[in-house]
Amino acid sequence: STSSSGKEISVVVTLPLPFSAEIACSRFTDLPQQPRWSPWITSVEYQGTESQWKVNVRGISLTWKAISQVVEDPWPGISWESVSGLTNRGIVEFVPDSETSCLMNVRMAIVPPRILQPLFRGTSVFIEDFLRDKLLKWSLEMFRDVVKGDLALERGDVELGDALFGAVEGKASAIEATLNTSPGVNGDDKV
């Protein structure tokens, strides 16, 4: 699939989670919470049956509206498709591998907007690698750590919860610095 801004990019990311698929799904599908583990997402708001998303990638703000649906079959998760703005769609599934753990599988397709292309031209990073290895992988790792922190606090382990949130905040700061840094003039900078 192509558009005036380029070809569709598809990415897949998987991460093991140390909590049940039910916990993972209930936390992840609370969409306004997404900025807690995705520093590149500035806000998610429900607007009737749609959600409005705002992101900032390397100083460029992008928005879209999407329709999403919680799914149960074959595994708990959520699917979505944008209806305006940034063209994207995908599914997140939480595949149980025990009563206390699961695999988080994310499949996403996006048509990168033309405005982002100059940020990746001439660098050693392709937008697909950036999307998969930085934005999505980092967000999934932070989701895991935020939920672990929430669960620790819920069972009264304040020390562990605070330590996990401290680590998440440190990682968020590093991610934000990476997301807000423009590639070097010589094109050699890693993102």
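Being a predicted model, the structure only gives us computed values, none of them experimental.

With that settled, consider a negative patch on the surface. On the surface, Glu-22, Glu-72, Asp-73 and Glu-99 cluster together into a patch of negative charge. Summarising the element assignment, Glu-22 is placed in helix α1 (residues 21-28). According to the relative accessible area criterion, Glu-22 is exposed, its value standing at 56%.

Counting buried residues along strand β9 (residues 101-110), 8 of its 10 residues qualify, which places the element largely inside the surrounding structure. As paired elements, strand β3 (residues 9-17) and β9 share 9 bridges and run antiparallel to each other. Paired with Val-13 across the two strands is Val-106, which belongs to β9. As paired strands, strand β8 (residues 88-98) and β9 are joined by 10 bridges and run antiparallel to one another. Bridge pairing links Arg-89 to Ala-109 in β9.

With that settled, consider the sheet that holds β3. The antiparallel open sheet is built from 7 strands, whose spatial order is β3-β9-β8-β7-β6-β5-β4. Edge positions in the sheet fall to β3 and β4 (41-47), since each has one partner strand and no second. The sheet shows a mean angle of 20 degrees between the axes of neighbouring strands, taken without regard to direction. Contacting β3, β7 (77-85), β8 and β9, α1 runs over the sheet at an angle of about 155 degrees to β8. Across the sheet, helix α3 (residues 127-154) lies against β3, β5 (50-57), β8 and β9, angled at about 25 degrees from β3, the strand it touches most.

A separate point is empty space enclosed by the protein. This model, assessed by the stated rule, comprises 1 cavity of 30 Å³ or more. One number sums up the size of the largest cavity: a volume of about 460 Å³. As for the largest cavity, its lining consists of 34 residues, and the residues nearest its centre are Trp-40, Trp-64, Trp-80, Met-108 and Leu-136. Class assignment of the residues belonging to the lining of the largest cavity gives a composition of 28 nonpolar, 6 polar and no charged.

With that out of the way, let us pick up the packing of aromatic side chains. Taken as a whole and assessed by the stated rule, the structure comprises 7 aromatic pairs. With a centroid separation of 6.2 Å and 20 degrees between ring planes, the pair formed by Phe-28 and Trp-37 is classed as stacked. Taken as a pair, Phe-28 and Trp-37 share a single burial class, namely buried. Each residue in the set Phe-19, Phe-28, Trp-37, Phe-94 and Phe-143 is aromatic and connected to the rest through ring pairs, giving one cluster.

With that out of the way, let us pick up the state of the cysteines. A disulfide bridge is the covalent bond that connects two cysteines by way of their sulfur atoms. Tallying each qualifying case throughout the model produces 0 disulfides. With no disulfide partner, Cys-25 has as its closest neighbouring cysteine sulfur the one in Cys-102, 9.3 Å distant. Judged by relative accessible area, Cys-25 falls into the buried class, the value being 7%.

With that settled, the discussion passes to the environment of Asp-97. Along the chain, Asp-97 falls in strand β8. Placed 80 residues apart in sequence, Asp-97 and Leu-17 show a C-alpha to C-alpha distance of 9.6 Å. Every residue in contact with Asp-97, bar those within four places of it in the chain, is listed here: Cys-102 and Leu-103. There is a polar contact of 2.4 Å between the side chain of Asp-97 and the side chain of Ser-101.

With that settled, the discussion passes to the environment of Ala-109. By the element assignment, Ala-109 lies in strand β9. Accessibility expressed as a relative area gives 6% for Ala-109, which makes it buried. When the C-alpha positions of Ala-109 and Ser-10 are compared, they lie 4.2 Å apart, and in sequence the two are 99 residues distant. Those residues within four positions of Ala-109 in sequence are excluded, and the remaining contacts are Glu-8, Ile-9, Ser-10, Thr-87, Asn-88 and Arg-89.

Here we take up the confidence of the model for the chain. Taken residue by residue, the chain gives an average pLDDT of 84. The fraction at 70 or more is 83%. Per-element averaging of pLDDT across the chain places strand β1 (residues 2-3) at the bottom with 34 and α1 at the top with 97. Across residues 182-191, confidence stays below pLDDT 50; counting only partners more than four residues off in sequence or on other chains, it has 20 contacts.

Conventions used here
Here the residue index of a chain counts from 1 through its sequence in written order. Note on the predicted model: pLDDT of at least 70 is required for a residue's local features to be given, and 80 or more for side-chain atom pairs to be given and counted; whole-chain, interface and lining totals, by contrast, use all residues. Side-chain numbers come from the whole structure's heavy atoms, not from hydrogens or water. The residues that make up patches have over 30% relative accessible area and no salt bridge, and they are joined within 9 Å when like-charged or within 5 Å when they are Val, Leu, Ile, Met, Phe, Trp or Tyr. Accessibility throughout is a Shrake-Rupley quantity obtained with a 1.4 Å probe, and a residue counts as covered only by protein chains that appear here. Definition used for salt bridges: Asp or Glu carboxyl oxygen within 4 Å of a side-chain nitrogen of Lys or Arg. His residues and chain termini do not enter the charge count, which takes Lys and Arg as positive and Asp and Glu as negative. Lysine's charge is taken at NZ, arginine's at CZ, aspartate's at CG and glutamate's at CD. Note on conventions: DSSP H or I runs of at least 4 residues are helices, E runs of at least 2 residues are strands, and numbering of each starts at the N terminus. When accessible area is computed with a 1.4 Å probe and restricted to protein chains, residues below 20% of their type maximum are described as buried, those above 50% as exposed, and intermediate ones as partly exposed. By this definition, two strands are paired if DSSP reports at least two bridges between them. With axes taken as lines fitted to C-alpha atoms, and helix axes fitted only over the stretch in contact, angles between N-to-C directions fall between 0 and 180 degrees. Contacts are residue-level and defined by heavy atoms, with any inter-residue pair within 4.5 Å sufficient. Using only the protein atoms, space was sampled on a 1 Å grid; points where a 1.4 Å probe fits but cannot get out form cavities, open sets with protein on both sides within 12 Å along at least five of seven lines form pockets, and lining residues are those with an atom within 4 Å of a point. Grid points are joined across faces, edges and corners, and a volume is the space filled by probe spheres set on the points. By the convention adopted, Pro, Cys, Tyr, Trp, Phe, Met, Ile, Leu, Val and Ala count as nonpolar, Lys, Arg, Asp and Glu as charged, and the other residues, Gly among them, as polar. Any two of the Phe, Tyr and Trp rings considered here, Trp counted by its six-membered ring, make a pair once their centres fall within 6.5 Å; the pair's planes then place it as stacked at under 30 degrees, edge-to-face at over 60, or tilted in between. Here, the term disulfide refers to a pair of cysteine sulfur atoms separated by no more than 2.5 Å. Residues adjacent in sequence count toward polar contacts only when both atoms are side-chain atoms; beyond that, a polar contact is any pair of N or O atoms within 3.5 Å, and within protein one must be able to donate a hydrogen and the other to accept it. pLDDT measures the predictor's confidence residue by residue and takes values from 0 up to 100.

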